[in-house]
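Coordinate inspection notes
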Amino acid sequence: MGINHGVRPRRGRPRDPDAEPRIRRYAVQLLLERGFDGMTVDDVAEAAGVGKATIYRRWASKESLANDAMAELFDIQIPDADTGSIAGDLRQVYADALAFVNSENGLALIRLAVTEANRDERSARIYREFLDHRIGLTRNALERARKRGEPIRSTVDPVLMVQWLAGVFVVRALTGEPMPPPEDADRLVEYTLRCIMDTGSGANPGSNGQAGHGQFGDPADPA
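As the structure is a prediction and not an experimental result, all values here were calculated from the model.

Turning next to the overall build of the chain. Counting its secondary structure elements, the chain contains nine helices and zero strands. Secondary structure elements of the chain occur, N-terminal to C-terminal, as α-α-α-α-α-α-α-α-α. With 223 residues in all, the chain has 40% of them scored as buried. When the accessible area of the chain is evaluated, it comes to approximately 12,900 Å², of which 51% is carbon and sulfur surface.

See the structure below:
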């Protein structure tokens, strides 16, 4: 039996609790500055003050790191909303989304998505996964609204609900037009509610008694 002379076993370097958020932050920064191809794990490690091994212990690849970092950025900037009504949920999400796309990082991200997604399948996958996540949150919001008894049309498509607003952002980025300002949130929510709510009378919420013009998932009503 060995004799312990009071020498403590050597331990590895203490785990840095701030390493992961710091790595994600610099990964996002380098993605926005250089695109997916220009971002390297070496550069992220140097900027974050960690070794490459620290990154690879947490993320198996550069793509995994980029995906995780971008997902966290979206979740922080455009968090899920559960306000007790579908109108309140949409208003909060739209206000956060408009504030984000009017920020320096948000506009850079939209422009990066436009240029990179068509060129690089790996970049496209990152943005598809974000949209899929947002579509899932939207589907959950619709289900919560139905359970509360809100008159949500049975044909509402959460995919189109997400894509129509994302499409506005992409078109504005392509044409160089300013993004819709945060104060437009109520107006955009009104458009959405006209399409997704079924009042049973042909009129839609916020339309001042006028019939709506189609809905997400259904073709527009003939003129």
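Here we take up the pattern of salt bridges. If the charged atoms of two oppositely charged side chains come close together, the side chains can form a pair. Per the stated rule, a full pass over the model turns up 13 salt bridges. The salt bridge partner of Asp82 is Arg144, with a shortest N-O separation of 3.4 Å. Here Asp82, found in the loop between α4 (62-77) and α5 (86-101), pairs with Arg144, found in helix α7 (residues 121-147); they are 62 residues apart in sequence, far enough to count as distant. Overall, Asp82 belongs to the exposed group, its relative accessible area being 54%. As a salt-bridge pair, Arg146 and Glu143 come within 2.9 Å of each other at their nearest N and O atoms. With Arg146 and Glu143 both in helix α7 and three residues apart, the pair spans about one turn of that helix. The network of salt bridges with shared partners includes Glu20, Arg24, Arg58 and Asp68.

What follows deals with the side chain of Glu150. Relative to the assigned elements, Glu150 resides in the loop between α7 and α8 (158-175). Judged by its relative accessible area of 17%, Glu150 falls in the buried class. A polar contact of 2.9 Å, which involves the side chain of Glu150, links it to the side chain of Arg148. Non-local contacts of Glu150, meaning those with residues more than four positions away in its chain, are made with Gly84, Ser85, Ile86, Ala145 and Met197.

Once that is clear, we can look at the environment of Ala124. By the element assignment, Ala124 lies in helix α7. In this structure, the C-alpha to C-alpha distance between Ala124 and Val114, residues 10 residues apart in sequence, is 9.4 Å.

What follows concerns the nonpolar core. Grouped together as the largest cluster of nonpolar side chains are 58 residues, with contacts concentrated most on Ile23, Ile55, Ile86 and Ile196. Of all elements in the fold, only α1 (19-38), α2 (41-48), α4, α5, α6 (104-117), α7, α8 and α9 (185-196) reach the threshold of two or more residues within this core. It is α5 that provides the largest number of residues to this core, a total of nine residues.

On to α1, then. Over its 20 residues, α1 extends only 22 Å from the first C-alpha to the last, a length that falls short of the 28 Å expected when each residue adds 1.5 Å. Along α1, the sharpest change in direction is near 90 degrees and occurs at Leu32. Taken together, the buried positions of α1 are Ala19, Arg22, Ile23, Arg24, Ala27, Val28, Leu30, Leu31, Leu32, Gly35 and Phe36. The elements touched by buried residues of α1 are α2, α3 (52-58), α4, α6 and α7.

Below, the discussion takes up the packing of α5 against α7. Following both chains from N to C, one finds α5 and α7 inclined at 155 degrees, their axes separated by 9 Å at the closest point. Here α5 is positioned roughly antiparallel relative to α7, judged by the angle of their axes. Contact residues: α5 offers Ile86, Asp89 and Val93, while α7 offers Arg134, Ala141, Leu142, Arg144 and Ala145. Here the contact of α5 with α7 is built from residues that sort into five nonpolar, no polar and three charged.

What follows deals with the packing of α5 against α9. Between α5 and α9, the shortest axis-to-axis distance is 9 Å and the interhelical angle comes to 135 degrees. Our classification of the angle between α5 and α9 gives oblique. Every pair of crossing elements has a handedness; the one defined by α5 and α9 is right-handed. Of the residues in α9, those touching α5 at Ile86, Ala87, Leu90, Arg91, Tyr94, Ala95 and Leu98 are Ala185, Asp186, Leu188, Val189, Thr192, Leu193 and Ile196. Here the residues of the contact of α5 with α9 are counted per class, giving 11 nonpolar, one polar and two charged.

What counts, and at which threshold
- Residues numbered from 1 in each chain as written.
- Predicted model: local features only at pLDDT ≥ 70, side-chain atom pairs only at ≥ 80, totals over all residues.
- Heavy atoms only, no water.
- Helix = DSSP H or I, 4+ residues; strand = E, 2+ residues; numbered from the N terminus.
- Buried < 20%, exposed > 50% of the residue type's maximum accessible area, 1.4 Å probe, protein only.
- Areas by Shrake-Rupley, 256 points an atom, 1.4 Å probe, with all protein chains shown as cover.
- Salt bridge = Lys/Arg side-chain N within 4 Å of Asp/Glu carboxyl O.
- Polar contact = N/O pair within 3.5 Å; in protein donor to acceptor, adjacent residues only side chain to side chain.
- Contact = heavy atoms within 4.5 Å.
- Core = buried A, V, L, I, M, F, W, Y, C linked by side-chain atoms within 4.5 Å.
- Expected span 1.5 Å × (residues − 1).
- Bend = angle between axes of the 7 residues up to and from the residue.
- Axes fitted to C-alpha atoms, helices over the stretch in contact; angles between N-to-C directions.
- Parallel < 35°, antiparallel > 145°, perpendicular 65-115°, else oblique.
- Nonpolar A, V, L, I, M, F, W, Y, C, P; charged D, E, K, R; others polar.
- Left-handed = near helix turned anticlockwise from the far one by under 90°.

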